[in-house]
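Here's the letter readout for the chains.
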Amino acid sequence: MMTELTVFACGTGRAIEGPITAETAIRAALAPLGVRFERWPTRPLAEGASPEDVFVAYAAEIGRLKREGGYQSADVVRLTPQAPDLEALRAKFLDEHAHAEDEVRFFVEGSGAFYLRTEEKVFQLVCVAGDLISVPAGQRHWFDMGARPHFAAVRLFTNPDGWVARFTGDPIARRIPLYERAA
Ligand SMILES: [Fe+2]
């Protein structure tokens, strides 16, 4: 599985561009949104590695991100098909929302899809291990981990207490294809 970007029209929900797989092309397509995207070399990591293992393996990358972005803390989020209440969790991530600060994710295992929305278009970015995405504050987005999720990602926060979702109430995510390829 590889990183890919597909662009959908908000109005019809149809794909109008992509899939784009080249890192430079993905970065160029997302640049107007202020989205940061980078592919970093992956480090050896045991399947199901603990957060501590992840922090050790990616200490240099996480340290650099914290310094660059002024992020105060980091944690590791992991979801597998064995997790409880998957349907409710998936539905919550699927509602369009924005945050008052950046949403920074570095994928270390598995995959998941970010959806970034402008007036006319929705950018679906399927992220895999080694992908860094930073969604700027205020950018409308949602996330789909699929019906059988499998991913682990480092999350970086400026202020974990203030990191809350402001849901827009717009049902647009229902018009755009879901992510179904996880696991
Ligand atoms: Fe979010």
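Residues numbered from 1 in each chain as written. Predicted model: local features only at pLDDT ≥ 70, side-chain atom pairs only at ≥ 80, totals over all residues. Heavy atoms only, no water.

**Q** Describe the overall build of the protein, listing the residues and the values that go with them.
**A** Summing up its helical and strand segments, the protein has four helices and eleven strands in all. Counting only C-alpha atoms and orienting by the principal axes, one finds that the protein spans roughly 45 × 35 × 35 Å. Here the protein holds 183 residues, and the buried ones make up 45% of them. Here the protein contributes 21 positively and 25 negatively charged side chains, and the mean placements of these two sets differ by 2 Å. (Helix = DSSP H or I, 4+ residues; strand = E, 2+ residues; numbered from the N terminus. Buried < 20%, exposed > 50% of the residue type's maximum accessible area, 1.4 Å probe, protein only. Lys, Arg positive; Asp, Glu negative; His and termini not counted. Charge placed at Lys NZ, Arg CZ, Asp CG, Glu CD.)

**Q** Provide a residue-level description of the coordination of the iron ion, including the pertinent values.
**A** The coordination sphere of the iron ion contains the protein donors His97 (NE2), His99 (NE2), Glu103 (OE) and His141 (NE2), at a distance range of 2.0 to 2.2 Å. Taken together, the four donor atoms coordinating the iron ion span angles of 82 to 170° at the metal, a pattern that classifies the geometry as irregular. In terms of primary sequence, the donors binding the iron ion are separated according to H-x1-H-x3-E-x37-H. Taking relative accessible area as the criterion, His97 reaches 8% and is therefore assigned buried. (Donors = N, O, S within 2.8 Å, 3.2 Å for Na, K, Ca; no water. Tetrahedral: all angles 85-135°; square planar, octahedral: opposite > 155°, others 65-115°.)

**Q** Can you lay out the environment of Pro149 for me, pointing to particular residues and giving the numbers?
**A** Relative to the elements of secondary structure, Pro149 occurs in the loop between strand S9 (141-144) and strand S10 (150-157). Since its relative accessible area comes to 0%, Pro149 is described here as buried. As for Pro149 and Asp95, which are separated by 54 residues in sequence, their C-alpha atoms are 17 Å apart.

**Q** Could you give me a rundown of unusual backbone geometry, with the residues and numbers involved?
**A** Of the consecutive residues Gly18 and Pro19, the connecting peptide bond is found in the cis state with omega at 5°. Looking at where Pro19 falls in the secondary structure, it is placed in strand S2 (residues 15-20). Backbone geometry at Asp85 places phi at a positive 55°, although glycine is not the residue there. Checked against the element boundaries, Asp85 lands in the loop between strand S4 (73-79) and helix H4 (86-93). Relative accessible area serves as the criterion here: at 63%, Asp85 is assigned to the exposed category.

**Q** Summarise the side chain of His141; cite the residues concerned and give the values.
**A** Take His141: it is sitting in strand S9. A polar side-chain atom of His141 sits 2.8 Å from a polar atom in the side chain of Glu103. (Polar contact = N/O pair within 3.5 Å; in protein donor to acceptor, adjacent residues only side chain to side chain.)

**Q** With reference to specific residues and values, describe the packing of aromatic side chains.
**A** Summed over all chains, the structure comprises nine aromatic pairs. Among the aromatic residues, those joined into a ring-pair cluster are Phe93, Phe107, Phe114, Phe143 and Phe151. Lying over the aromatic face of Trp40, Arg64 brings its terminal NZ or CZ to 5.0 Å of the ring centre. (Phe/Tyr/Trp six-rings, centres within 6.5 Å; stacked < 30°, edge-to-face > 60°. Lys NZ or Arg CZ within 6 Å of the ring centre and 35° of its normal.)

So yeah, pure geometry; function would need other evidence.
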